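Notes for the structure review
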Amino acid sequence: MDHAQSKPELLDRLAAIVGDNHVLRDPADLAPRLVENRGLYRGRSSLLLKPGSTEEVAAIMKLASDTGTPIVPQTGNTGLVGGQTPRDTGQDVILSLERMNRIREVDPVANVLVADGGAILADVQKAAEAVNRLFPLSLGSEGSCRIGGNLSTNAGGTAVLAYGNMRHLCLGLEVVLPTGEIWNGLRKLKKDNTGYDLRDLFIGAEGTLGVITGAVLKLFPRPVGHQVAFAGLRSPHDALQLFGLASDLCGGALTGFELMPRIGIDFTTRHIAGVRDPLPTPHPWYALIDISTSDSAETAQVMVQSLLEKGFEAGLVQDAVIAASVAQEQALWHMRESMSDAQKPEGGSIKHDVSVPVSKIPDFMEEAAKAVLEAMPGARICAFGHLGDGNIHYNISQPVGADKAEFLGRWREINAIVHAIVLKAGGSISAEHGIGQLKRDELAQIRSPIEMEMMYRIKRAFDPAGIMNPGKVVSLP
Ligand SMILES: Cc1cc2nc3c(=O)[nH]c(=O)nc-3n(C[C@H](O)[C@H](O)[C@H](O)COP(=O)(O)OP(=O)(O)OC[C@H]3O[C@@H](n4cnc5c(N)ncnc54)[C@H](O)[C@@H]3O)c2cc1C
């Protein structure tokens, strides 16, 4: 290793690989890249590199490996657990794939699309649409998050119920290893049982094992019929029953089943421009139901009507509307997707991105609410999310009039209360967003020693110099 080299000279050598026009060194330019989306983490760095090719990424990693320089991959910088944020040591160099944003190939017959790791998710969706195909990953951040980040966090979003998360949407990868070696695993095969699944190691690794520079993604036929309904309900228990009914009636056509509380509707109608309460009277809970059919538009209409009729008959649905236009469908989804933002004007918000087995959601909601309110009377629980995936964003807004800093100072204490209930139910403390810095220490506490040991061994095998996004996901003992 070349540790004797002076730092400025090393930064110059790294910069020379991409060219001076493709680096950020000015503190003002770097500033937005040093902070995580919610402001939970702020790091330090003197250099951001924007390579233009896989070969340039490989040259950067080789030099970093030889000199022991920590590298932090960052693509859209929309991650929510501080994985893409440099540490505060000031030693980390940020590697941004924003210039590597090409769609390399689209094949509507084989139903595959090959993209650079820095391709923006919305551009991938549009490229699929241009050949009458669907790339189903859809997130609130889709205009700025990029495929490398989506894969590295194994992103979920609104259509997991029907299409799965990013792991299910990827056939092959191109990865630059921490040593600078390039693995071309851009295979387009649905069936490939040849040895260990290396692809799946990099998906969800949050940039700790290598840099994803390209990916083969799966495309699907575009749905012909689409219906969105919004139903007022009494409880999460009724929502679960309605979900069972919807699964029976719609099967694979059920694309989304989202649960929302009344307080979430209050927050969005109060703070998000253009959002209106879709129903004339308030209800304690709501379900947003999304149905997509591939045969005809009529099938979707028949399904949604029959589901709501049966829901009324069973006493589960109290009131409901069916979106009458694409604009109304978008308005209903916009309300759901604005639920996090709508909490911001209400003061501090302590968040949890948890999952439990779907059938345990009602019990989890009840038990968690009781425990949180005991610990913090007046806390305003705005728990919403992808009921169909068992994934709840268990967000808690501060009590009215409480001191924001004091409230947020209890983040870890409240997390521990909620996570204990989640784990007891056989759930996960990170359903969608990953581990990053936020949950790294908790991961080591909740996973068994042998599971942690296997992760340490994998990390050491891929990253012997310890330069690949160090301090994220696992902290080597
Ligand atoms: C409004 C909003 C809504 C969101 N909704 C959802 C949601 O519904 N579901 C969901 O799952 N997430 C959601 N997220 C979280 C976030 O958008 C996703 O995790 C997204 O996939 C991150 O992509 P990115 O390009 O921004 O990655 P970044 O934030 O840049 O990076 C995320 C992680 O991946 C690593 N990484 C990035 N690029 C690479 C690469 N090329 N190779 C190796 N490692 C890399 C980084 O080091 C970091 O650890 C949301 C975020 C926001 C702000």
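What counts, and at which threshold
- Residues numbered from 1 in each chain as written.
- Predicted model: local features only at pLDDT ≥ 70, side-chain atom pairs only at ≥ 80, totals over all residues.
- Heavy atoms only, no water.
- Buried < 20%, exposed > 50% of the residue type's maximum accessible area, 1.4 Å probe, protein only.
- Helix = DSSP H or I, 4+ residues; strand = E, 2+ residues; numbered from the N terminus.
- Pairing = 2+ DSSP bridges.
- Phe/Tyr/Trp six-rings, centres within 6.5 Å; stacked < 30°, edge-to-face > 60°.
- Domains from an automatic or database assignment.
- Contact = heavy atoms within 4.5 Å.
- Buried area = accessible area lost by both parts, 1.4 Å probe.
- Salt bridge = Lys/Arg side-chain N within 4 Å of Asp/Glu carboxyl O.
- Polar contact = N/O pair within 3.5 Å; in protein donor to acceptor, adjacent residues only side chain to side chain.
- Nonpolar A, V, L, I, M, F, W, Y, C, P; charged D, E, K, R; others polar.
- Near = heavy atom within 4 Å.
- Areas by Shrake-Rupley, 256 points an atom, 1.4 Å probe, with all protein chains shown as cover.

1. Some thoughts on the pairing of strand 6 (residues 112-116)
The buried fraction of strand 6 is high, at 5 of 5 residues. Residue alternation in strand 6 divides its side chains into two sets, V112, V114 and D116 and L113 and A115, and both sets are buried. Two strands pair when backbone bridges link them, and strand 5 (residues 103-107) and strand 6 are joined in this way by 4 bridges, in the antiparallel orientation. Residue pairing for strand 6: E105 is matched across the bridge by V114. Here strand 5 hands over to strand 6 after 4 residues, with N111 in that stretch at a positive phi of 60°. Where strand 6 lies against strand 10 (residues 211-218), 5 bridges are found, and the strand directions are antiparallel. Residue pairing in the sheet places L113 in a bridge with L217 of strand 10.

2. A word on the packing of aromatic side chains
Per the counting criterion, the structure on display carries 6 aromatic pairs. Plain terms: the ring middles of F202 and F462 are 5.4 Å apart, the flat faces sit at 85° to each other, and that makes the pair edge-to-face. On the criterion of sequence distance, the pair formed by F202 in helix 7 (residues 198-202) and F462 in helix 16 (residues 449-462) is long-range, its members being 260 residues apart. Among the residues examined, F462 registers a relative accessible area of 19% and is labelled buried.

3. Focus on the domain arrangement of the chain
By domain assignment, the chain separates into domain 1 (103-221), domain 2 (225-340) and domain 3 (347-424). With 5 residues of domain 1 in contact, the opposing surface of domain 2 contributes 9 residues. Of the roughly 550 Å² buried between domain 1 and domain 2, counting both surfaces, carbon and sulfur atoms make up 67%. Area buried by domain 1 at its contact with domain 2 is led by T158, L161 and A162, which between them contribute 76% of it. Summed over the shared surface of domain 1 and domain 2, the result is 0 salt bridges. At the junction of domain 1 and domain 2, the tally comes to 0 residue pairs in polar contact (both at pLDDT 80 or more). Grouping the constituent residues of the side of domain 1 that touches domain 2 by class yields 4 nonpolar, 1 polar and no charged.

4. Points about the pairing of strand 18 (residues 380-386)
Burial analysis of strand 18 places 7 of its 7 residues in the buried class, which makes it a mostly covered element. Both strand 18 and strand 19 (residues 391-397) contribute to a ladder of 7 bridges, which runs antiparallel. Its bridge partner being in strand 19, A383 is matched across the sheet by Y394. In this structure, the hairpin formed by strand 18 and strand 19 is closed by a connection of 4 residues, where G390 is found at a positive phi of approximately 70°.

5. Quick look at the site of the ligand
Around the ligand, a shell composed of 33 residues is seen, among which P73, T75, T78, G79 and S141 lie nearest. Here the ligand loses 91% of its free accessible area of 970 Å² to cover by the protein chains. Within the residue set of the shell around the ligand, elements represented by two or more residues are strand 3 (71-74), helix 5 (147-152) and strand 10. With 4 residues, helix 5 is the largest single contributor of residues to the shell around the ligand. When the residues that make up the shell around the ligand are grouped by side-chain class, the tally is 8 nonpolar, 22 polar and 3 charged.

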